[in-house]
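Structural description and commentary
Listed below are the residues making up each chain.
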Amino acid sequence: MSDSKYLFQRNQTWWVKIAVPASLRSVLGHDLRRSLKTRSLEVAKEARWPVVAEFRDMIDEARKQQERACRTPSGRDAVSGVGFEITRREDLSEGTYLLEIHHPALARAAAPGQFVVVISHAHGERIPLTIADFDRDAGTITLVIQAVGKTTREMQQRCQAGTKLHSVVGPMGIPSPVAGVAKAVCVGGGLGVAPIYPQLRAFKQNGAYVIGVVGFKTRELIFWEDKLAEYCDELIVCTDDGSAGIPGLVTKGIEAALEQHPDVDRLIAIGPPIMMKACAETTRPHRVATTVSLNPVMVDGTGMCGGCRVRVGDKVKFACVDGPEFDGHEVDFDDLMARLRRFGAQEKLALDAWLNSDPEAPSRAD
Ligand code: FAD
Ligand code: FES
Ligand code: MG
């Protein structure tokens, strides 16, 4: 019990303790504390100040270290020490990039529908990313990332072939059930095209007739068309502006597929929540079993924090351990979309702080 700032008593000995800001916990540990080795409160009160001053210096130094890590031009020193090597980087468009990572154990264990939690450098945040491909022979996994905020933009700048990701944990989530399906439609919208690939390949390898439906804003953003076509019996491309394939949203492609194939027995859709909601509404009247892959905010990825709570039917589920795939006809998409927006102010602050602190970051106007 403490009766004085920075002091607390345990086992009849006085200790000094100073709380560490959350942002520095990864550098300093949880809180700074040290025994003053005295039972006398009066002695402890006098003895605390040099320790508090020393702790303050440690916190200042940790802050500087953290700032230096953020400012490192290529980020190489922050990502080259420990971690998992990036063996290939490809820019699929201005805002979308692919990273291939050497991680043999993960490549061996990965299954369609699963994801990883990545920390890009020692002071980075945890972000979930879907395994867009895996190659067991080469021991690599592939991630396709859209630069939307602080972390994904920082990674876009730092992560080059030859550098390392600090931590890659997985595979997480329940693998997609791909066996026993005779005719499958696999729908990917925008970035969702990448994670649909392992599903589509697995359906094909399990003997299904596979129809791919992929949607992009415009022709220039199309990627992996040939890669997808290899495992598709039919591939329908849709573009919002009509510059390639069917003009319009993926729902148009789904309608075309269902018209031709009323015997489809499974549809899986991956993309922005609004797109997955529209896909589920398109298949509902046709009574086609529809799976969607949900992307709520995840923190620990182990079912402990509750961050990824989603509503499915009358149940509350945690997408990281119960999903991320769920019955699209049961998902409460409005709840999902509202929850995805709830840290908007903090995300903006983090992005602005990073843009202002990093001399190599593009300007805010970009
Ligand atoms: P921020 O500015 O922090 O956030 C931008 C938006 O991203 C937020 O408004 C929120 O909607 C979302 N977001 C932020 N933090 C998280 C978080 N910890 N978890 C989930 N969403 C968050 N993105 C890809 O580009 N490629 C993928 O393959 C991919 N797979 C995903 C798989 C799963 C299972 C989930 C849950 C998400 C996936 N995402 C994927 C989304 C990705 O995790 C977020 O875009 C990323 O965390 C944004 O981080 P940021 O700091 O750059 O942006
Ligand atoms: Fe914490 Fe799912 S991410 S419970
Ligand atoms: Mg973030």
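Up top is the structure these notes are about.
Described below are features of the structure shown in this document. (Residues numbered from 1 in each chain as written. Chains lettered and ligands numbered in written order. Predicted model: local features only at pLDDT ≥ 70, side-chain atom pairs only at ≥ 80, totals over all residues.)

1. Things to note about the overall build of the protein chain
Each helix and strand counted, the protein chain has 12 helices and 20 strands in total. Taken across its 366 residues, the protein chain has 38% of its residues classed as buried. Long-range pairs, those at least 24 residues apart, make up 63% of the contacts in the protein chain with a sequence separation of at least 6. (Helix = DSSP H or I, 4+ residues; strand = E, 2+ residues; numbered from the N terminus. Buried ≥ 20, exposed ≤ 12 C-beta atoms within 10 Å, placed from the backbone. Contact = placed C-beta atoms within 7 Å.)

2. A word on the packing of helix α8 (residues 250-260) against helix α9 (residues 273-283)
Each pair of packed helices gets described by two things: the angle between the helix axes and the distance between those axes. Orientation of α8 relative to α9, taken along the N-to-C sense of each, is 25°, at an axis distance of 9 Å. Viewed along their axes, α8 and α9 adopt a mutual orientation that is roughly parallel. Viewed along their axes, α8 and α9 form a crossing whose handedness is right-handed. On the side of α8, the interface is formed by Val250, Thr251, Ile254 and Glu255, while α9 contributes Met275, Ala278, Cys279, Thr282 and Thr283. (Axes fitted to C-alpha atoms, helices over the stretch in contact; angles between N-to-C directions. Parallel < 35°, antiparallel > 145°, perpendicular 65-115°, else oblique. Left-handed = near helix turned anticlockwise from the far one by under 90°.)

3. Side note on α8
The complete set of buried residues in α8 reads Val250, Thr251, Gly253, Ile254 and Ala257. One side of α8 holds all its buried residues, which, seen down the axis, span an arc of 155°. With respect to the buried face of α8, the exposed residues turned more than 90 degrees away are Glu259 and Gln260. On its buried face, α8 is in contact with β12 (183-189), β13 (209-216), β14 (234-239), β15 (246-247) and α9. (Arc of directions from axis to C-beta.)

4. Some points on the sheet that holds strand β20 (residues 325-327)
On the basis of which strands lie adjacent, the open sheet formed by seven strands has the order β15-β14-β13-β12-β16-β17-β20 and mixed pairing. Of all the strands in the sheet, the pair left with one neighbour each is β15 and β20. Of the strand pairs in this sheet, β14 and β15 are connected by two bridges, and their pairing is parallel. Bridging across to β15, Cys238 finds its partner in Ile246. On the sheet, helix α6 (residues 193-205) packs against β12, β13, β16 (266-270) and β17 (290-293) and is oriented at approximately 170° with respect to β12. Taken strand by strand, α9 contacts β12, β16 and β17, and its axis lies near 175° from that of β17. (Pairing = 2+ DSSP bridges.)

5. Structural notes on the nonpolar core
Of all hydrophobic cores here, the largest spans 76 residues; its most connected members are Val185, Cys186, Val187, Leu200, Val210 and Val213. When residues of this core are assigned to domains, at least three map to each of domain 2 (76-172) and domain 3 (183-293). Excluding residues within four positions of it along the chain, Val187 makes contact with Ile196, Val213, Val250, Ile254, Leu267, Ile268, Ala269 and Cys279. (Core = buried A, V, L, I, M, F, W, Y, C linked by C-beta atoms within 7 Å. Domains from an automatic or database assignment.)

6. Topic: the site of ligand 1
Around ligand 1 there are 24 residues in total, and Ile127, Gly149, Thr151, Thr152 and Glu347 lie nearest to it. Breaking the shell around ligand 1 down by element, the ones donating at least two residues are β7 (126-130), β9 (140-146), α5 (150-158) and α12 (344-357). With four residues, β7 is the single largest residue contributor to the shell around ligand 1. Taken together, the residues of the shell around ligand 1 break down into 15 nonpolar, seven polar and two charged. (Near = placed C-beta within 6 Å. Nonpolar A, V, L, I, M, F, W, Y, C, P; charged D, E, K, R; others polar.)

7. Regarding unusual backbone geometry
Peptide bonds are, in most cases, trans, and in most cases residues other than glycine have a negative phi. With an omega of 0°, the peptide bond running from Gly170 to Pro171 counts as cis. Its location among the elements puts Pro171 in strand β11 (residues 167-172). Non-glycine residue Trp224 carries a positive phi angle of around 60°. For Trp224, the position within the fold is in the loop between β13 and α7 (225-229). Positive phi, normally seen in glycine, also occurs at Arg287, with a value near 55°. In this fold, Arg287 is placed in the loop between α9 and β17. Overall, the presence of 8 C-beta atoms within 10 Å leaves Arg287 in the exposed class.

8. What to know about the pairing of strand β4 (residues 84-93)
Two faces make up the sheet, and in a regular strand the side chains alternate between them. Bridging between β4 and strand β10 (residues 164-165) involves two bridges; their strand directions are antiparallel. Paired with Glu85 across the bridge in β10 is Lys164. In this structure, the hairpin formed by β4 and strand β5 (residues 96-102) is closed by a connection of two residues.

9. As for the sheet that holds β4
Strand order in the open sheet formed by five strands is β8-β9-β5-β4-β10, and the pairing between neighbours is antiparallel. Among the strands making up the open sheet, the edge pair consists of β8 (133-135) and β10.

10. Section: α5
α5 sits mainly inside the fold: seven of its nine residues count as buried. Those residues of α5 not exposed but buried are Lys150, Thr151, Arg153, Glu154, Met155, Gln156 and Arg158.

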